[in-house]
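If you want the building blocks of each chain, they are given just below.
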Amino acid sequence: MKLILALLSMFLLQSTAQADAEAGKQKAEVCAACHGLDGNSIAPNFPNLAGQTARYIYLQLKDFQKGKRSDPMMSPMAANLTKQDMFDLADWYASQKFNGQNSKKTDANLSNGKKLADAALCTMCHLGGFSGQNEVPRVAGQHYEYIIKQLKDFKYKNRTNDFGNMSAVVKTIEDKDLEDIAAYVSTLH
Amino acid sequence: MTSISKALVLVGSVALAAASATTFAEEIQGGSTTSATAMSSDLRAVTQSRLDAADGEKTNWLQVNGGYSQKRFFPGSQINSSNVANLKPAFIFQTQILESMETAPLVVDGVMYLTTSYNHVHAIDAKTGKEFWHYKHNQGPITVYCCGPNNRGVAALDGKVFMGTLDAKLVALDAKTGGKIWETQIADPELGYSETMAPVAVDGKVLIGTNGGEYGIRGFVKAFDADSGKLLWTFYTIPDKGHEGVWATHDATGRDMHRDIAAEKAMLKKRGGDFYQTLGGGVWMTPAVDQETDTAFFVVGNPSPDLYGDIRPGDNLYTNSMVAVDLNTGAYKWHYQYIAHDVWDLDAVSPVVLTEAKDKSGKVRKVAIHGGKTGHVYVHDRGTGELIRFSDAMVPQDDMWVLPTAEGTRMLPGANGGVEWNPMAVNEDLGLAYAANLHQPMTYHVEASEYPGGKLWLGGAFKVIPGEAQWGRLSAVNINTGKIAWEADTDQPLMGGVLATGGNLVFTGEGNGSFNAYDATTGAKLWSFQAGAGVNAPPTSYMVDGKQYIAVAAGGNTQLNFKRGNSVIVFELP
């Protein structure tokens, strides 16, 4: 009896942690059509979410809901999420594993892309290998098409929930060079 | 299934879940310590009287920067300029964390304390590298850091070691067992507060500053009770009134900063002064302490947002300043501001060093010195803050102080300096301060941006200029004259810090893995070792059983993206 109680109380202590990702898995079922069941999306215009930083996912969902970021598909998806839903979804995708298959663009000037990424000091915020931290997203393993769209959206102010941090960087980079940067990053894992 | 086996199944699934990476909404508590070997009873507690004498310590390395004066000078001369060419590794201690290492290892009675990124602490045998214990901190759900998840080391006092963490806590561990004694929340990480610096322990208090100048925090130095973790006092680096200062138009060296004072005054009238809550002013590195006068000295970081100054009119006191406060109460004593209304992130970070230098009339004075991102070493009177002199520029300067633009304007130094957080070392016999410098030509870009609430807030961007060479420079500065005594250039900008020893030596490491020893008098490079990862941490030295060792971490650096490693390497003579 004591053993059962001890084991059960261990379970209860952990249960808050357990519930988040597990609940997130259920809530993510409606997201699977675009982002894949495990956050590995199948179409390059839908970003991979597997292994993304939880805080970034949470903040984007919040921004979609509040209108600080806008997308014809994501805005309605985020409209009715509660704060707990957002935490749970963020936890779920953050704990998933990227399957190594993203849309890479290899027929670009990758060395130019790397040179420009180094010059723009991207890894100071995105960390080495573009692995991300907190509200600064992981970009390694992301689809080329999605990366270049974000860079151009920041440049042309179609996306403004970056507090100027991204737009100040991309504002003075030619579109063709942005394509090389996005191509370079798409080859990173 | 019976109820027992059901419970077992549940526990099994929980264990699997717990093993996965820490996620956002988990409630994290505690931290865990594992013990490899029991420590012998030779370890004596680091008492206050031992710390009082740490500046002259001939055996141990009791504080990250040597002693309260932070001269980073080890008197031992067993390893010296005639034999350092024979220096070889004694052992390598490999940690679990392959990420930037900025730790300065402490050594107390043959026990070395080192930290890693993400707040692991190891206590190891300083002679053999055998591990005694290993503490892993459980981070809370929010950790923010601008420049890498690194940690610069611990402070030791009365049987405890103290560490600041990425989730803005101060933890006290038992020095012998690594068990956690207390933990206290320093500030709210959701607002951008976090710790990478090493605290300093003095007179029953632990002093620590804060990160966050890139996040719109209100900076501070706090003092906590070493026994209980209770908060004793707070000195805010941003006063609630008067932060607009004197509307200085020129910097500490007399250069025009091109401020539009009229526009700033109009903005202050329009917005009011309550933006002090998000004005920045982090304190990045360990304060120096003068026990004769009960004063703590530190330098304050940049205002927020770094590049966009229009919405923060005024001098933005006490950002970019050296500040002196009362050790017991935190009361303000004096300040000296290097750059008023900084819009270049050329903030004061390298820790203050207390030493002596001649004033302009040749009289020897007690001074407090600082190596700036601006490229100058500043020498102040310790009692009043009066700027006695500033050195010749250690690195190229160009177009200071051209204002940032939307398209980007070039200025030297770049935003990392000059001297970044790298602690200097001082050899008082030679009258030389040794500074590790960066030369990184950059363009400064500005973009209007309102306070985002605990998120990165630069108000623009910095970029390096492809095609313009970047390099580093170890400079020896005569603090009595302000002249450069010698310079040793390196292939890459320097990040890490300097050690000076009584063996006429100066040690510093490079991002390409070279760990070097130089002749302290002439700057000749006498020895170099390839560590296999960036040597970007301050070296330390110590003796065990009559033998001298040099220790340095080789973990690379996030900010400059130098090759990552996971080890502390200890060197000895054959």
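Data block above holds the structure.
These remarks concern the structure in this document.

Analysis parameters
Residues numbered from 1 in each chain as written. Chains lettered and ligands numbered in written order. Predicted model: local features only at pLDDT ≥ 70, side-chain atom pairs only at ≥ 80, totals over all residues. Heavy atoms only, no water. Helix = DSSP H or I, 4+ residues; strand = E, 2+ residues; numbered from the N terminus. Buried < 20%, exposed > 50% of the residue type's maximum accessible area, 1.4 Å probe, protein only. Contact = heavy atoms within 4.5 Å. Areas by Shrake-Rupley, 256 points an atom, 1.4 Å probe, with all protein chains shown as cover. Rg over C-alpha atoms; globule rule 2.2 N^0.38 Å. Lys, Arg positive; Asp, Glu negative; His and termini not counted. Charge placed at Lys NZ, Arg CZ, Asp CG, Glu CD. Phe/Tyr/Trp six-rings, centres within 6.5 Å; stacked < 30°, edge-to-face > 60°. Lys NZ or Arg CZ within 6 Å of the ring centre and 35° of its normal. Core = buried A, V, L, I, M, F, W, Y, C linked by side-chain atoms within 4.5 Å. Pairing = 2+ DSSP bridges. Axes fitted to C-alpha atoms, helices over the stretch in contact; angles between N-to-C directions. Expected span 1.5 Å × (residues − 1). Disulfide = S-S within 2.5 Å. Polar contact = N/O pair within 3.5 Å; in protein donor to acceptor, adjacent residues only side chain to side chain.

1. Digging into the overall build of chain A
Inference 1: Scanning chain A for helices and strands turns up 10 helices and 0 strands.
Inference 2: Going from the N terminus to the C terminus, chain A shows its helices and strands as α-α-α-α-α-α-α-α-α-α.
Inference 3: When the 189 residues of chain A are sorted by exposure, 52% land in the buried category.
Inference 4: Of the contacts formed within chain A by residues at least 6 apart in sequence, a portion of 69% connects residues at least 24 apart.
Inference 5: A total of about 8900 Å² of accessible surface is found on chain A, and carbon and sulfur atoms cover 59% of it.

2. Points about the overall build of chain B
Inference 1: Secondary structure summary: chain B contains 3 helices and 37 strands in total.
Inference 2: A compact globule built from 574 residues would reach a C-alpha radius of gyration of about 25 Å, and chain B, at 23 Å, matches this within 12%.
Inference 3: Within chain B, contacts between residues at least 6 apart in sequence are counted, and of these 62% link residues at least 24 apart.
Inference 4: Working note: accessible area of chain B is about 18100 Å², and carbon and sulfur atoms make up 51% of it.
Inference 5: One way to put it: in chain B the 45 positive side-chain charges average out to a point 2 Å from where the 60 negative ones average out.

3. Focus on the packing of aromatic side chains
Residue and element names in this part refer to chain B.
Inference 1: Summed over the entire model, instances satisfying the criterion amount to 23 aromatic pairs over all chains.
Inference 2: Judged by centre distance (5.7 Å) and plane angle (85 degrees), the rings of Phe515 and Trp527 are edge-to-face. Here Phe515, found in strand S33 (residues 514-519), pairs with Trp527, found in strand S34 (residues 525-530); they are 12 residues apart in sequence, far enough to count as distant. With respect to burial, Phe515 and Trp527 carry one shared label: buried.
Inference 3: With a centroid separation of 5.3 Å and an interplanar angle of 20 degrees, the aromatic rings of Tyr542 and Tyr549 are classed as stacked. The same class applies to Tyr542 as to Tyr549, namely buried.
Inference 4: Of the aromatic side chains, those joined through ring pairs into one cluster are Phe507, Phe515, Trp527, Phe529 and Phe571.
Inference 5: Here the guanidinium or amino end of Arg218 rests over the ring plane of Tyr236, the centre of that ring lying 3.9 Å away.

4. Re the nonpolar core
Residues and elements named next belong to chain B.
Inference 1: Core analysis: the biggest nonpolar cluster contains 61 residues, and Tyr113, Trp133, Phe162 and Leu207 have the highest contact counts within it.
Inference 2: Those residues within four positions of Phe162 in sequence are excluded, and the remaining contacts are Gly153, Val154, Ala155, Leu157, Leu170, Val171, Ala172, Trp182, Pro199, Ala201, Val206 and Ala226.
Inference 3: By size, the runner-up hydrophobic cluster in this structure holds 33 residues, among which are Phe297, Trp344, Val352 and Leu387.

5. Considering the sheet that holds strand S11 (residues 180-185) of chain B
Residues and elements named next belong to chain B.
Inference 1: The strand order across the open sheet formed by 4 strands is S8-S9-S10-S11, and the pairing between neighbours is antiparallel. Two strands close off the open sheet at either side, each with one partner strand: strand S8 (155-157) and S11. Strand-to-strand, the axes of this sheet are offset by a mean angle of 20 degrees, without reference to chain direction.
Inference 2: When strand S10 (residues 169-174) meets S11, the two strands line up antiparallel, connected through 5 bridges. Of the residues in S11, the one forming a bridge with Leu170 is Thr184.

6. Describing the pairing of strand S35 (residues 540-544) of chain B
Residue and element names in this part refer to chain B.
Inference 1: Taken across its 5 residues, S35 has 5 buried, putting it largely inside the fold.
Inference 2: Where burial is concerned, the two faces of S35 agree: the one with Thr540, Tyr542 and Val544 and the one with Ser541 and Met543 are both buried.
Inference 3: The sheet contact formed by S35 and strand S36 (residues 547-554) spans 5 bridges and is antiparallel. What sits directly across from Thr540, in S36, is Ala551.
Inference 4: Between the antiparallel neighbours S35 and S36 lie 2 residues, among them Asp545 with a positive phi of about 50 degrees.

7. A look at helix H3 (residues 54-66) of chain A
All names here are of chain A.
Inference 1: Counted at 1.5 Å a residue, the expected span for H3 with its 13 residues is 18 Å, and the 18 Å between its end C-alpha atoms agrees.
Inference 2: Along H3, 10 of the 13 residues are buried, which leaves the element largely enclosed by surrounding structure.
Inference 3: Against helix H4 (74-78) and helix H5 (83-94) lie the buried residues of H3.
Inference 4: The positive-phi residue at the C-terminal boundary of H3 is Gly67, with phi of around 80 degrees.

8. Side note on the state of the cysteines
Residues and elements named next belong to chain B.
Inference 1: By the definition in use, this model includes 1 disulfide over all chains.
Inference 2: At a sulfur-sulfur separation of 2.0 Å, the disulfide partner of Cys146 is Cys147. Torsion about the S-S bond of the Cys146 and Cys147 cystine: about -95 degrees, corresponding to left-handed handedness. Like Cys147, Cys146 is buried.

9. A few points about the side chain of B:His243
Inference 1: Here B:His243 is to be found in the loop between strand S15 (231-236) and helix H3 (261-271).
Inference 2: There is a polar contact of 2.8 Å between the side chain of B:His243 and the backbone oxygen of B:Gly273.

10. Considerations on the pairing of strand S28 (residues 460-464) of chain B
All names here are of chain B.
Inference 1: For S28, the buried fraction is high: 5 of the 5 residues fall into the buried class.
Inference 2: Both faces of S28 are covered, namely the face carrying Gly460, Phe462 and Val464 and the face carrying Ala461 and Lys463.
Inference 3: As paired elements, strand S27 (residues 442-446) and S28 share 5 bridges and run antiparallel to each other. Each bridged residue has a counterpart across the sheet, and for Met442 the counterpart in S28 is Val464.

11. Concerning the environment of B:Lys270
Residues and elements named next belong to chain B.
Inference 1: Along the chain, Lys270 turns up in helix H3.
Inference 2: We classify Lys270 as exposed; its relative accessible area is 68%.
Inference 3: When the C-alpha atoms of Lys270 and Leu166 are compared, they prove to be 37 Å apart, with 104 residues separating the residues in sequence.

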